[in-house]
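Commentary on secondary and tertiary structure
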Amino acid sequence: MTHDEPHDEVTGDRMNWLRAGVLGANDGIVSTASLVVGVAGATTDRGQILIAGLAGLFAGAMSMASGEYVSVSSQRDAERALLAKERRELREMPEEELEELAEIYQGKGLDADTAQEVAKQLTEHDALAAHAEAELHIDPDELTNPWGAAVASFIAFTIGALLPLAAIILTPTSLRVPVTVVSAILTLALTGFISARLSGAGKRRAIVRNVVGGLVAMGVTYAIGSLVGQSIG
């Protein structure tokens, strides 16, 4: 028998932009579908629906991208500060840091002698990497990238938003809302499935959560749009 279990690890940076992409697509679907359905509840004018949808698309995409950039930049700044602190401690009190590392591995189940030897060898190989991984759970060579998250979020939001926008613009007036709702449900189910695969969570729960949240948002905005449209009309 051979042990061929795959051990391909998803780096923190890659997981970061995958998360941003899935979140961006999901937000693009929900916010744009809700917006255009709400406007369709107030008016049947295709031009007004298109203008509102495009405005929501670009505003949402820029908001998601800037939000991801700021958030991930703050995370990276924190990681850099922790690494700088660790470098200083390794330089100023190497013996204490070695003992701390040994205690960490001892706490994971190694006996004292083995933990001491492991800590010593890892420190000799790459002290910063060893301590950053064990103490901080950070890979110094794989810090999060705010630009990757921002671009992934912008693109994903745009793609997600284009689906309900195209559905409501290209569909006959009498079928606009139901077709848009169905298309949003299908795409939300897909993003829920993908997010569950990425996180290893239950797929059914993720899909139901996405779909129910989207239906609630679309239902509320459609009701508001209908009420406003009737009052104005």
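This text follows the structure it describes.
Residues numbered from 1 in each chain as written. Predicted model: local features only at pLDDT ≥ 70, side-chain atom pairs only at ≥ 80, totals over all residues. Heavy atoms only, no water.

**Side note on helix α4 (residues 112-136)**
Let me state the cut-off plainly: A helix here means a DSSP run of H or I that spans at least four residues, while a strand means a run of E at least two residues long, and both kinds are numbered starting from the N terminus. Expected helix span is computed as 1.5 Å times (number of residues minus one). To get the bend at a given residue, fit one axis to the seven residues ending there, fit another to the seven starting there, and take the angle between those axes. Three exposure classes are used, based on accessible area relative to the maximum for each residue type with a 1.4 Å probe and protein chains only: buried under 20%, partly exposed in between, and exposed over 50%. Throughout, a contact is declared for two residues whenever any of their heavy atoms are within 4.5 Å. N or O atoms within 3.5 Å of each other form a polar contact, as long as, within protein, one can give a hydrogen and the other can take it, and as long as residues adjacent in sequence are counted only when both atoms are side-chain atoms.
For α4, built from 25 residues, the straight-helix expectation of 36 Å at 1.5 Å per residue is missed by more than 12%, its first-to-last C-alpha distance being only 22 Å. At Asp126, α4 is bent by approximately 125 degrees, the largest bend along its length. Every buried residue belonging to α4 is among Ala115, Ala119, Leu128, Ala130, His131, Ala132 and Ala134, and all of these are buried. Here the buried face of α4 lies against α2 (46-92) and α3 (94-107). The N-terminus of α4 is capped by Asp111, whose side-chain oxygen sits 3.2 Å from the backbone nitrogen of Asp113.

**Description of the pattern of salt bridges**
Note the following rule: Put simply, a salt bridge is a Lys or Arg side-chain nitrogen that is within 4 Å of an Asp or Glu carboxyl oxygen.
This structure, assessed with the given rule, holds 1 salt bridge. Residue Glu89 is joined to Lys85 by a salt bridge in which the shortest nitrogen-to-oxygen separation is 2.6 Å. Placement of both Glu89 and Lys85 in helix α2 is noted, with a separation of 4 residues, approximately one turn of the helix.

**A look at a nonpolar patch on the surface**
Formally: In this analysis, a patch consists of residues with relative accessible area above 30% that form no salt bridge, clustered at 9 Å for like charges and at 5 Å for the nonpolar side chains Val, Leu, Ile, Met, Phe, Trp and Tyr. Using a 1.4 Å probe, the Shrake-Rupley method yields the accessible areas, and only the shown protein chains count as cover for residues.
A contiguous nonpolar surface patch, about 490 Å² in accessible area, is contributed by Val208, Val212, Val216, Val220, Ile224 and Val228. Assignment of secondary structure puts Ile224 in helix α7 (residues 203-232).

**Structural notes on the packing of α2 against helix α5 (residues 146-170)**
Inclusion rule: A fitted line through C-alpha atoms represents every axis, and for helices the fit uses only the stretch in contact; the resulting angles, taken between N-to-C directions, go from 0 to 180 degrees. The scheme is simple: roughly parallel for angles under 35 degrees, roughly antiparallel for over 145, roughly perpendicular for 65 to 115, oblique for anything else. Put simply, a crossing is left-handed when the front helix is turned counterclockwise from the back one by less than a right angle, and right-handed when it is turned clockwise. We call Asp, Glu, Lys and Arg charged. Ala, Val, Leu, Ile, Met, Phe, Trp, Tyr, Cys and Pro are nonpolar, and the rest, Gly among them, are polar.
Close contact between α2 and α5 brings their axes to 8 Å; oriented N to C, the two are set at 160 degrees. When the axes of α2 and α5 are compared, the pair comes out roughly antiparallel. The handedness of the crossing between α2 and α5 comes out as right-handed. Considering only residue class, the contact of α2 with α5 consists of 22 nonpolar, 6 polar and 3 charged.

**Side note on the side chain of Thr180**
Mapped onto the secondary structure, Thr180 falls in helix α6 (residues 176-199). For Thr180, a relative accessible area of 0% gives the class buried. A distance of 3.5 Å separates a polar side-chain atom of Thr180 from the backbone nitrogen of Ile168. In this structure Thr180 touches Val36, Val37, Pro164, Ala167 and Ile168, once residues within four positions along its chain are discounted.

**Some details on the environment of Thr173**
Residue placement: Thr173 occurs in the loop between α5 and α6. Residue Thr173 is classed as partly exposed on the basis of its relative accessible area, which comes to 44%. C-alpha separation for the pair Thr173 and Arg46, spaced 127 residues apart in sequence, amounts to 8.5 Å.

**A few points about the packing of aromatic side chains**
To keep things clear, this is the line we draw: Here a pair means two rings of Phe, Tyr or Trp (six-membered ring of Trp) with centres within 6.5 Å. Their orientation is stacked below 30 degrees between planes, edge-to-face above 60, and tilted elsewhere.
This model, assessed by the stated rule, comprises 1 aromatic pair. Here the aromatic rings of Tyr69 and Trp147 are separated by 4.8 Å at their centres, their planes lie at 55 degrees, and the arrangement is tilted. Taken together, the positions of Tyr69 in helix α2 and Trp147 in helix α5 put the pair 78 residues apart, joining distant regions of the chain. For Tyr69, a relative accessible area of 29% corresponds to the partly exposed category. Judged by its relative accessible area of 56%, Trp147 falls in the exposed class.

**Some remarks on the nonpolar core**
To keep it simple, the criterion reads: We define a nonpolar core as any set of buried Ala, Val, Leu, Ile, Met, Phe, Trp, Tyr and Cys residues linked to one another through side-chain atoms lying within 4.5 Å.
Residues Val36, Val39, Ala40, Ile49, Leu57, Ala61, Met64, Phe157, Ala161, Leu165, Ile168 and Ile169 constitute the largest nonpolar core, which totals 12 residues. Within the residue set of this core, elements represented by two or more residues are α1 (12-42), α2 and α5. Every residue in contact with Phe157, bar those within four places of it in the chain, is listed here: Gly24, Ala25, Asp27, Gly28, Ser31, Thr32, Gly56, Leu57, Gly60, Ala61 and Met64.

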